[in-house]
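As a plain string of letters, each chain reads:
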Amino acid sequence: MRRLRIGLTLRIVAVLVVLGVAAFPLYWMLVTALSSNADLFAERPRLLPDFSQLGVFVEGLGDGKVAGWLLNSLLIAAGTTVLSIGLGIPLGYALSRFSFRGKALLTLVLLFTQMLPEALMVVPLFSLFRRFNLLDSLGGLILANVAFVLPIVALILKGAIDGIPRELEEAARVDGARPLAVLTRVNVPLIAPSIAATAVISFFHAWNEYVFAVTFIFTPEKQPASVGIANFIGELGTPIQTVMAVAFMFTLPAVAFYLFAQKYVVAGMTAGAVKG
Amino acid sequence: MTLLEQTKVPRSATRRRRSPLGSRWTPYLFLAPAALFVLVFQAIPLAQEIFLSFTRTTLLNPTRGRWVGLDNFVRIFGDEDFHRTLVTTFVYVIVCVVGAVGSGLAVALLLNRGFRGRGIARALITVPWAAPGIAVALIATWMLNAQYGIVNRFLNAVGLGVPGGAILDSPKYALPAVLATTIWQLFPFTSVVLLSALQSVPHDLTEAATMDGAGRWATFRVVTWQVIKPVVGLLALLMTIWSLRRFELIWLMTKGGPVGRTETLVIDLYAQAFESKELGSAAAIGMVGVVISLIVITGSRLVARAVAKENP
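As a convention, each chain's residues are numbered from 1 in the sequence order in which they are written. Key to labels: chains lettered from A, ligands numbered from 1, both in the order written. Under the rules for a predicted model, residues below a pLDDT of 70 receive no local features and side-chain atom pairs below 80 are neither given nor counted, while totals for whole chains, interfaces and linings still include all residues.

1. What about the overall build of chain B?
For step 1, the next point in the chain: Each helix corresponds to a stretch of at least 4 residues labelled H or I by DSSP, and each strand to a stretch of at least 2 residues labelled E; elements are numbered beginning at the N terminus. Each helix and strand in chain B was counted, giving 14 helices and 2 strands.
For step 2, the next point in the chain: Only C-alpha atoms enter the radius of gyration; for comparison, a globular chain is expected to reach 2.2 Å times N to the power 0.38, where N is the number of residues. A compact globule built from 312 residues should have a C-alpha radius of gyration of about 20 Å, whereas chain B, at 27 Å, is more than 25% larger.
For step 3, the next point in the chain: Overall size of chain B, expressed as C-alpha extent along the three principal axes, is 100 × 75 × 35 Å.
For step 4, the next point in the chain: Buried positions account for 39% of the 312 residues belonging to chain B.
For step 5, the next point in the chain: Counting contacts in chain B only where the partners sit at least 6 residues apart, residues at least 24 apart contribute 67% of the total. With C-beta atoms placed from the backbone, a residue is buried if 20 or more other C-beta atoms are within 10 Å of its own, exposed if 12 or fewer are, and partly exposed between those counts. Contact criterion: two residues are in contact if their C-beta atoms, reconstructed from the backbone, are within 7 Å.

2. Some remarks on the UniProt feature "domain: ABC transmembrane type-1" (unreviewed entry) in chain B
For step 1, the next point in the chain: UniProt positions are given in the numbering used here, feature names are shortened, and annotations may be inferred rather than shown by experiment. As recorded in UniProt, the feature "domain: ABC transmembrane type-1" (unreviewed entry) lies at residues 86–300 of chain B.
For step 2, the next point in the chain: The distance from the first to the last C-alpha atom of residues 86–300 of chain B is 20 Å, and the span holds 74% helix and 0% strand.

3. Section: the interface of chain B and chain A
For step 1, the next point in the chain: Listed by partner, the interface residues are 68 residues for chain B and 69 residues for chain A.
For step 2, the next point in the chain: In this classification, Asp, Glu, Lys and Arg are treated as charged, Ala, Val, Leu, Ile, Met, Phe, Trp, Tyr, Cys and Pro as nonpolar, and every other residue, Gly included, as polar. Residue composition of the side of chain B that touches chain A, by class: 52 nonpolar, 10 polar and 6 charged.

4. Details of the nonpolar core
A general trend in soluble globular proteins is that nonpolar side chains are found buried together.
For step 1, the next point in the chain: We define a nonpolar core as a collection of buried residues of the types Ala, Val, Leu, Ile, Met, Phe, Trp, Tyr and Cys that are connected via C-beta atoms lying within 7 Å of each other. Membership of the largest hydrophobic core comes to 169 residues, with the highest contact counts inside it found for Ile229 and Ala247 of chain A together with Ile139 of chain B.
For step 2, the next point in the chain: Of the residues forming this core, the biggest block, 17 residues, is contributed by helix H7 (residues 138–162) of chain A.
For step 3, the next point in the chain: The two domains that each donate at least three residues to this core are domain 1 (1–53) and domain 2 (62–274) of chain A.
For step 4, the next point in the chain: Apart from residues lying up to four places away in sequence, Ala247 of chain A is in contact with Met29 and Ile229 of chain A together with Ala135, Leu138 and Ile139 of chain B. What counts as a domain boundary in this text is fixed by an automatic or database domain assignment.

5. Things to note about the environment of Ser194 of chain A
For step 1, the next point in the chain: Along the chain, the position of Ser194 of chain A falls in helix H10 (residues 192–208).
For step 2, the next point in the chain: Look at Ser194 of chain A and you get buried, because 23 C-beta atoms sit within 10 Å.

6. Section: the domain arrangement of chain A
Residues and elements named next belong to chain A.
For step 1, the next point in the chain: By domain assignment, chain A separates into domain 1 (1–53) and domain 2 (62–274).
For step 2, the next point in the chain: Each of domain 1 and domain 2 has a C-alpha centre, and these two points are 34 Å apart.
For step 3, the next point in the chain: In this complex, domain 1 contributes 7 residues to the contact, which on the side of domain 2 involves 7 residues.

7. Considerations on the confidence of the model for chain B
All names here are of chain B.
For step 1, the next point in the chain: Each residue gets a pLDDT score, which is the predictor's confidence in that residue and runs from 0 to 100. With 92% of its residues at a pLDDT of at least 70, chain B reaches an overall mean of 85.
For step 2, the next point in the chain: Taking the mean pLDDT of every element in chain B, the minimum, 43, falls on helix H1 (residues 2–18) and the maximum, 94, on helix H4 (residues 80–112).
For step 3, the next point in the chain: Below a pLDDT of 50 lies the segment residues 1–19, which in the model reaches 1 contact outside its immediate sequence neighbourhood of four places, other chains included.

8. Some points on the environment of Gly163 of chain A
All names here are of chain A.
For step 1, the next point in the chain: With respect to the helices and strands, Gly163 occurs in the loop between H7 and helix H8 (166–174).
For step 2, the next point in the chain: A residue is classified by how many C-beta atoms lie within 10 Å of it, and Gly163, with 10 of them, is exposed.
For step 3, the next point in the chain: With 140 residues separating them along the chain, Gly163 and Ala23 place their C-alpha atoms 36 Å apart.

9. So, the packing of helix H4 (residues 65–97) of chain A against H10 of chain A
Residues and elements named next belong to chain A.
For step 1, the next point in the chain: The interhelical angle for the contact between H4 and H10, taken along N-to-C directions, is 140°, at an axis separation of 8 Å. Taken together, H4 and H10 sit at an angle that is classed as oblique. The way H4 lies across H10 gives a crossing that is right-handed. Contacts from Ser73, Ile76, Ala77, Thr80, Thr81, Ser84, Ile85 and Gly88 of H4 reach H10 at Ile195, Thr198, Ala199, Ser202, Phe203, His205, Ala206 and Trp207.
For step 2, the next point in the chain: Among the residues making up the contact of H4 with H10, the classes are represented as 8 nonpolar, 8 polar and no charged. Interaxial angle, 0 to 180 degrees, is taken between N-to-C directions of lines fitted to C-alpha atoms, where a helix line uses only the stretch in contact. Oblique is the label for any angle not covered by the other classes, which are roughly parallel (under 35 degrees), roughly antiparallel (over 145) and roughly perpendicular (65 to 115). A clockwise turn of the near helix away from the far one marks a right-handed crossing, whereas an anticlockwise turn of less than a right angle marks a left-handed crossing.

In structure tokens:
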């Protein structure tokens, strides 16, 4: 009995330590944002957020620059999500339901692209975009992001469609529905949870993306938040509280959505990677 | 005769009308837009990059490359800095894989026992995984700040302070700091995946093992490990590939420094392209990375196949 209790206490302590390690950096981001200068540079740092400093968030958004970054990130992320799902659903459907020449090759290509680093593709994409006048535009950035997220989206959706019994499609077909109508009316509603997961994955892939954004965008007003925040690193002009407040606003949506969709996202990421 | 004709005609007609596949072109209509996209934005650029690796091309004049054959490869493999980059890459990848999978397994085992609030704990530990790499690099740099960073303040308080305090500028501590940050970001993913694998371990099997007098370790080795082994293998593969392509976290924390101590292949490639402006050697470095990834993937599949053959 005694041993059991000691074991239990140890386990609780271990769980708390892990949670502390997991959550501390983001907590510290908030504490730093909400510290007065005096607290920040004091001999003993403040360990709890000082909520009288909440104005820093308003200040961070104050001159409209940061709001512009966040808006650009939002547009890029939304565009990437819509396009990658729009292209990913039919591709996933084709891979799941049809046998056709080149299927094995296509699957292999989709898996292969997942090991290509963005930093490797930045140079050839740069010259491609220059030729088609896509540099310094949010649209170009969306295309580059879709190229990287589309394979995983398609593979996840293929897995989801694999799980739908073909008999459900038969009924619609007997009623004379064409293949596209079968896909949109029968399959799409049934794989809605997977579509939501791929939406979260592609949205935050684009939201977090940095390499393409920093290379392809020149105009400061078109810059997304990832680039804006990265420029804070090593720069001394902006107060650290503002930097952390902006970073916190940038991080919060990603964390919130992942918590919400965590189960599907993790299942999708592993399934997409295992297949083939 | 008439009967045969009668049965024949409607058959082919129904087949055309009710064929589940539509016409034979239907699959291509479905996949064409996405396939075209992958072709234009992945396959062709990759082919171009492969071509670049055999040329001497500078960023200032990217369309006027000169074909130099294997020169870039000969040069980088003769360069001692590149040897260091290869070693750093291997160390980085191996420590990431072992660290992320090991810590993930430990946390998964910890959370596998039912207790109140497990759902909340499980959700909370995913926070690092969900945080954008940029934000992680930013907060890590701030926490590791020489003067005001909480890490240094803590280390000084317990008497373990790094002389001068600038961990990310220290040839000795920069790589461990980058590794710790990377593993911090990865362990939620591995532990959530491993936790769901652990929950698929049949209860009666572990119980039977305990009944037979097996200790905890023996039960783990004989029952649990056998079930989760494929998942561990998959995670190791994923972590390897992700670590080989990780860029922004390392770049924003150290830019590969100090003196190249945190320079992995991808960092080296980016620095060659945009700082030395040598697109040709950058492409060659990139190809080395791609070949390493291909070897890892092929190797892991061969191992998986051999294992599957051994215990069918």
